[in-house]
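Now for the letters of each chain:
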Amino acid sequence: MSEHVPFTDLSAQHREMEEELVSVFRNALATSQFIGGPMVEAFEQDFAAFCGSRYAVGVGSGTDALRFALIAAGIKQGDLVLTVPYTFIATTEAISQAGAAAEFIDIDERTYTMNVERLCGFLERECSFETATGTTIHRPTGRRVRAIVPVHLYGQTAAMDGISELAERYGLTIIEDACQAHGADYFSTRKNRWERAGTMGNAAAFSFYPGKNLGAMGEAGAVTTNDENIAAKVRALRDHGQGRKNYHEVEGYNGRLDAIQAGILKIKLRRLASWNGERRRLAHQYNEMLSSITGVATPYEPEWSRSVYHLYVIRTKRRDALQPFLAERNIATGLHYPLALHEQKAYRNLKSYNGSLPVSERAARELLSLPLFPGMTAGQQQHVADSIREFMSSR
Ligand SMILES: *Cc1c(COP(=O)(O)O)cnc(C)c1O
């Protein structure tokens, strides 16, 4: 009999805090304050403090957060925004919906985040920085390159020093996609200190989709920033462009954060550091169990990174056979992601000016996400590791 190992288990973490969570609903019932208000403001303050940013603005989802951050930072119709093709589609949806076009920069072979050499090569070979205006133009299309959206994938930040240096040199805005990286840290050699995801660009987007490291019980997201102007604009954008009630400075969106979700997030935020610690412990345990198996590569965590392991992702050329083998042994796994974005049907007409993106394409075929969640037992982990070993030694 093999033990069932779910991909994730939210009920374990919710059970021990059930009373506190239910009190959030009771409070909302008693006050009838369902959208915005003191619960949202209290959570925004706590989340900004957790990240170390001056502001956090609660919004309806991570996708809202990305879209509002881009618009608030001044991304305009027709601009080019540089990001990776190996991410969740929300990254590029937000870019398109802000009116810009996404340009793909391939990922690094080992970290799976934006390859800084490729970014540099793209900017040096295909773009010109115009000193008079301080703008960067992409020569083949004539579009203005406006921003970079690095994605902190699987809980690990992108290599931000190199990205920040290039952004400064070319006058570009940085919007971090931190939707998978609540509490992830990065050691900046330039600044000689650890920095937290959500504080390293002009603004950052977080998702509180239930399965994220900090998850709501429905949809929720937040923008963090140190820029007062961006924070004010995101506040207006989430609420139909209102500065004050019924006075609309701009056309905005319905993208507010529910009070109940904010109340839940505020309670769960107190446990986030401990959950992240448990994720790291489980990840290191997996590393020990799996590193001796030939044909399997465990996640690479550079010296400069403290990942929060939103996902624990291994690499093997036999991925497509391993996944059903594990399913037979009652082990749930995931693909993040089975196609690079430029291979998706939604983007079949997208012209990628940046040529081939082989590292992303290979990652999409070889990466497999294993179960990892706070509350996972040693027995469950052993069963996963034993099954992988059994599969890899067969042939
Ligand atoms: C989850 C996620 C998003 C979108 O967040 P939602 O809250 O689902 O809108 C964006 N980018 C990445 C990398 C994500 O993982």
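First, a word on what this report is: a plain description of the structure on this page. Given the structure is predicted, the values throughout are model-derived calculations rather than measurements.

1. Concerning the side chain of Asp79
Link 1 in the chain: Of note, Asp79 is situated in the loop between helix H4 (62–72) and strand S2 (80–83).
Link 2 in the chain: A polar contact is formed between the side chain of Asp79 and the backbone nitrogen of Lys76, at a distance of 2.7 Å.
Link 3 in the chain: At 2.9 Å, the side chain of Asp79 and the side chain of Arg146 are in polar contact.
Link 4 in the chain: Beyond its immediate sequence surroundings of up to four residues, Asp79 is in contact with Gly74, Ala100, Ala101, Arg143, Arg144 and Arg146.

2. Structural notes on helix H12 (residues 378–393)
Link 1 in the chain: Between its first and last C-alpha, H12 extends 22 Å over 16 residues, near the 22 Å set by a 1.5 Å rise per residue.
Link 2 in the chain: Among all positions of H12, only Gln380, Gln381, His383, Val384, Ala385, Ser387, Ile388, Phe391 and Met392 are buried.
Link 3 in the chain: The secondary structure elements touched by the buried residues of H12 are helix H9 (259–290), strand S15 (312–315), helix H10 (319–328) and strand S16 (367–370).

3. A few points about the site of the ligand
Link 1 in the chain: Near the ligand you find 14 residues, and of these Gly62, Thr63, Gln180, Ser207 and Lys212 are the closest.
Link 2 in the chain: Take Gly62: an N or O atom from its main chain is 2.8 Å from an oxygen atom of the ligand.
Link 3 in the chain: At 3.0 Å, a side-chain N or O of Lys212 approaches an oxygen atom of the ligand.
Link 4 in the chain: Considered on its own, the ligand offers 380 Å² of accessible surface; in the complex 93% of this is hidden by protein.
Link 5 in the chain: Contributions of two or more residues to the shell around the ligand are made by H4 and helix H5 (90–97).
Link 6 in the chain: The element best represented in the shell around the ligand is H4, accounting for 3 residues.

4. Comments concerning the sheet that holds strand S8 (residues 185–188)
Two pairing modes exist for strands in a sheet, parallel and antiparallel, and in both the strands are linked by backbone hydrogen bonds.
Link 1 in the chain: Read from one edge of the open sheet, 3 strands run S9-S8-S14, paired in antiparallel fashion. Bordering the open sheet on either side are strand S9 (193–196) and strand S14 (305–306), each of which pairs with just one other strand.
Link 2 in the chain: By the bridge criterion, 4 bridges tie S8 to S9 in an arrangement that is antiparallel. Paired with Asp185 across the bridge in S9 is Arg196.

Conventions we followed
Residues numbered from 1 in each chain as written. Predicted model: local features only at pLDDT ≥ 70, side-chain atom pairs only at ≥ 80, totals over all residues. Heavy atoms only, no water. Helix = DSSP H or I, 4+ residues; strand = E, 2+ residues; numbered from the N terminus. Polar contact = N/O pair within 3.5 Å; in protein donor to acceptor, adjacent residues only side chain to side chain. Contact = heavy atoms within 4.5 Å. Expected span 1.5 Å × (residues − 1). Buried < 20%, exposed > 50% of the residue type's maximum accessible area, 1.4 Å probe, protein only. Near = heavy atom within 4 Å. Areas by Shrake-Rupley, 256 points an atom, 1.4 Å probe, with all protein chains shown as cover. Pairing = 2+ DSSP bridges.

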